[in-house]
Amino acid sequence: MYAQPDDDPEAEWVRHVDGVLEPAAAEEPGLAAWPPAGVAETDLTGWYETLVGHGLAYGPVFQGLRRVWTGDGNVYAEVALPDAAVDGFAVHPALLDAALHPIGLLDAGTGPRVPFAFEGVQVHASGARVLRVRLTRAGSGVRLVAVDESGTPVVSVDSLVLRELTGVAAAPDLVSRSLFEVTWPVEKITPTGSLYWAVLTAGQDGTGSPAEGSPTGTVGEIPTDPMVWPDGCVAYPDVAALVAAVAAGEPAPDAVLLPVWPGAAGLSGSAAGDLPERVRSVTAEVLAAVQGWLAADALAGSRLVVLTRGAVPAGDDGGAVDLAGAAVWGLLRSAQSEHPDRIVLADTESAVDARALGVLAAVAADPSTVGGQVAIRGDRVCVPRLVRQVGAELTPPAEGAWHVAAARPGTLDGVEIVPTAPADLAPGEVRVAVRAAGVNFRDVLIALGMYPDPAAVMGSEGAGMVLEVGPGVTDLAPGDRVFGLFEPGFGPRVIARRDRIARMPAGWSFTEAASVPVVFLTAYRGLHDLGGLRAGESVLIHSGAGGVGMAAIQLAQHFGATVYATASPGKWAALRALGVAEERIASSRTTEFESAFASATGGAGVDVVLDALAGEFVDASLRLLPRGGRFVEMGKTDLRDADVVAREHPGVVYRSFDLNEAGGTRIGEMLAELLDLFERGVLRPLPTRVWDVRQARQALRHISQARHVGKVVLTVPAPADPGGTTLITGASGALAAVVARHLVATGQARHLLLAARRLPADEPAYAALVDELTGAGTTVTAVAADVTDPEQVAALVAGVDLTAVYHCAGVVADATIASLDGDAVDRVLRPKVDAAWALHRATAHLDLSAFVLFSSIAATLGSPGQGNYAAANGFLDALARHRRAHGLPA
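(A) Geometry of the overall build of the protein chain. The number of helices and strands found in the protein chain is 23 helices and 38 strands. Here the protein chain has a C-alpha radius of gyration of 32 Å; the compact-globule value for 890 residues is 29 Å, and the two agree. Over its C-alpha atoms, taken along the principal directions, the protein chain stretches across nearly 100 × 80 × 65 Å. Split into buried and exposed, the 890 residues of the protein chain put 50% on the buried side. Of the contacts made within the protein chain by residues no fewer than 6 positions apart, 69% connect residues no fewer than 24 positions apart. As presented, the protein chain carries roughly 38900 Å² of accessible surface, and 53% of it is formed by carbon and sulfur atoms. Charge separation in the protein chain, taken as the distance between the mean sites of 66 positive and 101 negative side-chain charges, equals 5 Å.

(B) Here's a closer look at a negative patch on the surface. A surface patch of negative charge is lined by D6, D7, D8 and E10. Considering the arrangement of structural elements, one finds D6 in the loop between strand 1 (2-3) and strand 2 (14-15). Using a relative accessible area of 83% as the deciding quantity, one classes D6 as exposed.

(C) Spatial organisation of the layout of surface pockets. Here the second largest pocket is characterised by a volume of approximately 1600 Å³. Looking at the second largest pocket, it is lined by 34 residues, and the ones nearest its centre are D18, G19, V20, A117 and F118. For the lining of the second largest pocket, the secondary structure elements donating two or more residues are helix 2 (93-100), strand 6 (113-123), strand 9 (153-164) and helix 3 (172-177).

(D) How the structure looks around the environment of R355. Mapped onto the elements, R355 comes out in helix 7 (residues 354-365). Taking relative accessible area as the criterion, R355 reaches 34% and is therefore assigned partly exposed. Linking R355 and R342, residues 13 residues apart in sequence, is a C-alpha distance of 22 Å. In this structure, R355 is in contact with P191, G378 and D379, ignoring residues within four places of it in sequence.

(E) Highlighting the nonpolar core. Core analysis: the biggest nonpolar cluster contains 77 residues, and L332, L727 and F875 have the highest contact counts within it. Looking at which element gives the most residues to this core, the answer is helix 21 (residues 822-843), with 11 residues. The residues touching L332, leaving out its near neighbours within four places in the chain, are V286, V290, V306 and L345. Residues A514, V516, A556 and L677 belong to the second largest nonpolar core, which totals 57 residues.

(F) Fine view of the sheet that holds strand 14 (residues 303-309). The seven strands lie next to each other as 12-11-13-14-15-16-17, forming an open sheet whose pairing is mixed. Of all the strands in the sheet, just strand 12 (234-236) and strand 17 (380-382) have a single pairing partner and so form its edges. Strand-to-strand twist of the sheet, defined as the mean angle between neighbouring strand axes without regard to direction, takes the value 25°. As judged from the four bridges shared by strand 15 (residues 343-348) and strand 16 (residues 373-377), these two strands associate in the parallel manner. Pairing of A346 across the sheet is with V374, part of strand 16. Sheet strands touched by helix 6 (residues 323-338): strand 14, strand 15 and strand 16. Its angle to strand 15, the strand with the most contacts, is close to 155°.

(G) Quick look at the confidence of the model for the protein chain. Per-chain confidence: the protein chain averages 88 in pLDDT, with 92% of residues scoring 70 or above. In the model, residues 203-226 has pLDDT below 50 throughout and makes 41 contacts with residues more than four positions away in sequence or in other chains. With pLDDT under 50 throughout, residues 262-272 is counted as low confidence; its partners more than four residues away or in other chains account for 22 contacts.

(H) Region of the structure containing the packing of aromatic side chains. Tallied over the entire structure, the rule returns 11 aromatic pairs. For the ring pair Y48 and Y58, a centre distance of 5.9 Å and an interplane angle of 75° mean the geometry is edge-to-face. One end of the pair, Y48, is in helix 1 (residues 47-53); the other, Y58, is in the loop between helix 1 and strand 4 (65-71), with 10 residues separating them in the sequence. On the accessibility criterion, Y58 (23% relative accessible area) is partly exposed.

(I) Local environment of helix 18 (residues 734-745). Taking 1.5 Å per residue, 12 residues should reach 16 Å; helix 18 reaches 17 Å between its end C-alpha atoms and fits that length. Restricting attention to buried positions, one finds in helix 18 the residues A736, A737, V739, A740, L743 and V744. The arc that holds the buried residues of helix 18, viewed along the axis, is 165°, so those residues lie on one side. Seen from the buried face of helix 18, the exposed residues on the opposite side, beyond 90 degrees, are A734, V738 and A745. One or two steps after helix 18, the chain reaches G747, where phi turns positive at roughly 75°.

(J) Just the pairing of strand 33 (residues 711-715), in detail. In terms of burial, strand 33 is largely enclosed, as five of its five residues are buried. With burial as the criterion, each face of strand 33 is covered, one bearing K711, V713 and T715 and the other bearing V712 and L714. Sheet analysis places strand 21 (residues 429-439) next to strand 33, joined by four bridges and oriented antiparallel. Paired with G438 across the bridge in strand 33 is V713. As judged from the five bridges shared by strand 32 (residues 688-692) and strand 33, these two strands associate in the parallel manner. Opposite V690, over in strand 33, you have V713 as the bridge partner. For the crossover from strand 32 across helix 17 (residues 696-704) to strand 33, the handedness is right-handed.

(K) Structural context of the sheet that holds strand 36 (residues 779-784). Read from one edge of the open sheet, five strands run 36-35-34-37-38, paired in parallel fashion. In the strand order of this sheet, the two ends are held by strand 36 and strand 38 (850-853), each with one partner. When strand polarity is set aside, the average angle formed by the axes of neighbouring strands in this sheet is 15°. Bridging between strand 34 (residues 725-729) and strand 37 (residues 802-807) involves five bridges; their strand directions are parallel.

(L) Examining a nonpolar patch on the surface more closely. A grouping of F180, V182, L386, I857 and L861 is seen on the molecular surface, where their side chains present a nonpolar patch of about 470 Å² in accessible area. Inspection of the secondary structure assignment puts L861 in helix 22 (residues 858-861).

(M) Focus on the side chain of E78. Here E78 shows up in strand 5 (residues 74-80). Polar contacts involving the side chain of E78 include one to the side chain of W34, which spans 3.2 Å. Among all residues touching E78, those that are not within four sequence positions of it are W34, G64, L65, R66, R67, W69, V130, L131 and R132.

(N) Summary view of helix 10 (residues 517-530). Counting buried positions over the 14 residues of helix 10 gives 12, a clear majority of the element. Within the sequence span of helix 10, burial applies to P517, V518, V519, F520, L521, T522, A523, Y524, R525, G526, L527 and L530. Where helix 10 ends, the next residue or the one after it, G532, has phi of about 55°, a positive value.

(O) Just the packing of helix 20 (residues 790-797) against helix 21, in detail. Look at helix 20 against helix 21: their axes get within 9 Å of each other, and the N-to-C directions meet at 45°. For the element pair helix 20 / helix 21, the angle class is oblique. In the packing of helix 20 onto helix 21, the handedness of the crossing is right-handed. Of the residues in helix 21, those in contact with P790, V793, A794 and V797 of helix 20 are A838, L839, A842 and T843. Within the contact of helix 20 with helix 21, the residues separate by chemical class into seven nonpolar, one polar and no charged.

Reading the values: rules and limits
Residues numbered from 1 in each chain as written. Predicted model: local features only at pLDDT ≥ 70, side-chain atom pairs only at ≥ 80, totals over all residues. Heavy atoms only, no water. Helix = DSSP H or I, 4+ residues; strand = E, 2+ residues; numbered from the N terminus. Rg over C-alpha atoms; globule rule 2.2 N^0.38 Å. Buried < 20%, exposed > 50% of the residue type's maximum accessible area, 1.4 Å probe, protein only. Contact = heavy atoms within 4.5 Å. Areas by Shrake-Rupley, 256 points an atom, 1.4 Å probe, with all protein chains shown as cover. Lys, Arg positive; Asp, Glu negative; His and termini not counted. Charge placed at Lys NZ, Arg CZ, Asp CG, Glu CD. Patch = residues over 30% accessible without salt bridge, like charges linked within 9 Å, V, L, I, M, F, W, Y side chains within 5 Å. Salt bridge = Lys/Arg side-chain N within 4 Å of Asp/Glu carboxyl O. 1 Å grid on protein atoms, 1.4 Å probe; cavity = no way out; pocket = protein on both sides within 12 Å on 5 of 7 lines; lining within 4 Å. Points joined across faces, edges and corners; volume = space filled by probe spheres on them. Core = buried A, V, L, I, M, F, W, Y, C linked by side-chain atoms within 4.5 Å. Pairing = 2+ DSSP bridges. Axes fitted to C-alpha atoms, helices over the stretch in contact; angles between N-to-C directions. pLDDT = per-residue confidence, 0-100. Phe/Tyr/Trp six-rings, centres within 6.5 Å; stacked < 30°, edge-to-face > 60°. Expected span 1.5 Å × (residues − 1). Arc of directions from axis to C-beta. Right-handed = clockwise from strand over helix to strand, strands pointing away. Polar contact = N/O pair within 3.5 Å; in protein donor to acceptor, adjacent residues only side chain to side chain. Parallel < 35°, antiparallel > 145°, perpendicular 65-115°, else oblique. Left-handed = near helix turned anticlockwise from the far one by under 90°. Nonpolar A, V, L, I, M, F, W, Y, C, P; charged D, E, K, R; others polar.

Okay, structure coming up:
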């Protein structure tokens, strides 16, 4: 619903209402006998006159309230339309409005309130001029049921949220309902091969390998693995060559494939510094290709399929995406908005096979079925959907210590934040500010109420900074970075025993350090201390793609043993990457590993089994020790009696263990031995999937579904430090002024470092802001700096106690896709892309409490006329995911 001022036909139309159509409920609500029994009637004398005094002046048609009753927790009302009111509505708006007038009798509130958000609205009958109404509290809202004089249901509202008439902020539940996120659900798409394709190779030959002498870094550059072109398609170097071929008599293709792989390996190492230049050049090249295709009348009947690789966070990739590819998606979402159903955006995670091309053909034939955007992940096809955020994140208290715990064991939804009682340090103890904590299957069992020890708490390992040392601790000091075993680790502070923690190796991040203790200590304890694994022996490691499994494979190889491993087939690539031979890999989903490994060993089986499975999998594993050996059980769900095992499997020594049973002294020794192996390069940290601690439920669910490879880690945000320095870029702009005032007013910043191209002396509004902030007691340092220059950014943060970054710089240069030029792309991308990347690299080693980027929904919805702006913000969205995936705030 839109409105425009009556007296100004040139004024902008403003949207006031929107809604979503949902399926109707089958049941029709009703009311009991009327008038209601057991309730008291309210005197309505002077009702509407009183409302005028509160700013609610209703005209005569809207003064429909006739009788009101209260009691039994409900409000009942009878409302009617005056004879002068026109018919023609399903439910007359004045009648419905009058039905809501006595809502204040349910809850007086702090002032007059008006309806703001309806949910579950159903019209059951039309034409009523009198309604009998029941209003009932429903959570934070109100439920309405209205019938006509015969008792026939007319209208019902499942939930109506009210808003204070004079207030400026919505209620918390309303705020949460206004948050949305993009998800990638699986869509069923049947592959087809009926299209005639052309492929823009941009210097590629027909096999997908770079043609000899072709330039690198071009739009169509393909990674090392081959690209499979559709059967019968023709490859062209660019749009101009394709147009020329069609003009010469070749048939116009149904679809044109444009592969785009912009610098997939450019996020780390020496090549990382030129990432912004690559983002800008690839975006400009894709723009040029799309402009040429749109301008070609001969191709007006074809569709352009732009194929990226890892540019969107679909599937289980942890949110890290190709940053340049994300910018391309932003650009082309705007192109899609301007040219509906002409462009398809598709993303893959690996080489494109025939089935994937069949999916692309199906989407290209009718892009509207999926909104013109797909991501192919193995045999799944995902499509982006904007959905209301479900509110599953935990909310820490503003003050006081806390930790994540199984408040209601039995379900992962019972995981909550609970307060932590303050405690003094005992001798040999250390207080640690946790920055990252490892998550284990043990934590899932505790949350589900399945762990054998009912007193066990969640979060048993992590990494952070020393805050305080207890008596007798002389080799650590506040500020030292440490990692090791402590609990409860899912919170901002924890007390650790000195003998169970160690200094973090130089160069390790908190995320890397938190991924190490439990899995490597468990694997070391199981294989070395209990399993006695020696060179020349063989070992079966179950769940080899999990944290303990991957650690155990590295250790077993170091010990000189032959490794056999199981994992779900989708994770076998992780085992191969660790050097496990193909014939020594089997599925952990069935017991077929028994026959496979018995055959591979010529019936000899293995010497050691490291197990965490249950039931028939344990029995099958025991049978793989026909010569005797050691069976080391880490799991807790199917413990066996060692004597029974020895009787049934002669020569087999069965040991189950819990890491804590080793004792603090041995754990400290093992930590030292493992650190030596890490420092010598024998061992390396595992791949990690990172969540914020506020997303603990999602992380636990991910582990419970066995979807992870390697280690799952929760990051714990560093608390805001008002005593540190907060950097705000684009400081002379309006956005930066809003941010600066907010940070100062809320006490989050007492020292501001303002960076802009100009100094306050050059701009009166900027100077006034600095005076205002200084007058509020804030120390303000204003510098002139070009934050798109990495050297200037590095100098800006050098020697500063920087604790937070707010990147507010940005410009717009709106134009349609057809009229965009390289200068407009470059001008918009530099303050977003170049500056954000420079800030990221210059501060990645700092313990920041905040790294805030200001993006736009233009990148998500593809605002028409803002392709360059959407590209820049698409990069920022991806950079935020990239940082969070690496345990950095964003």
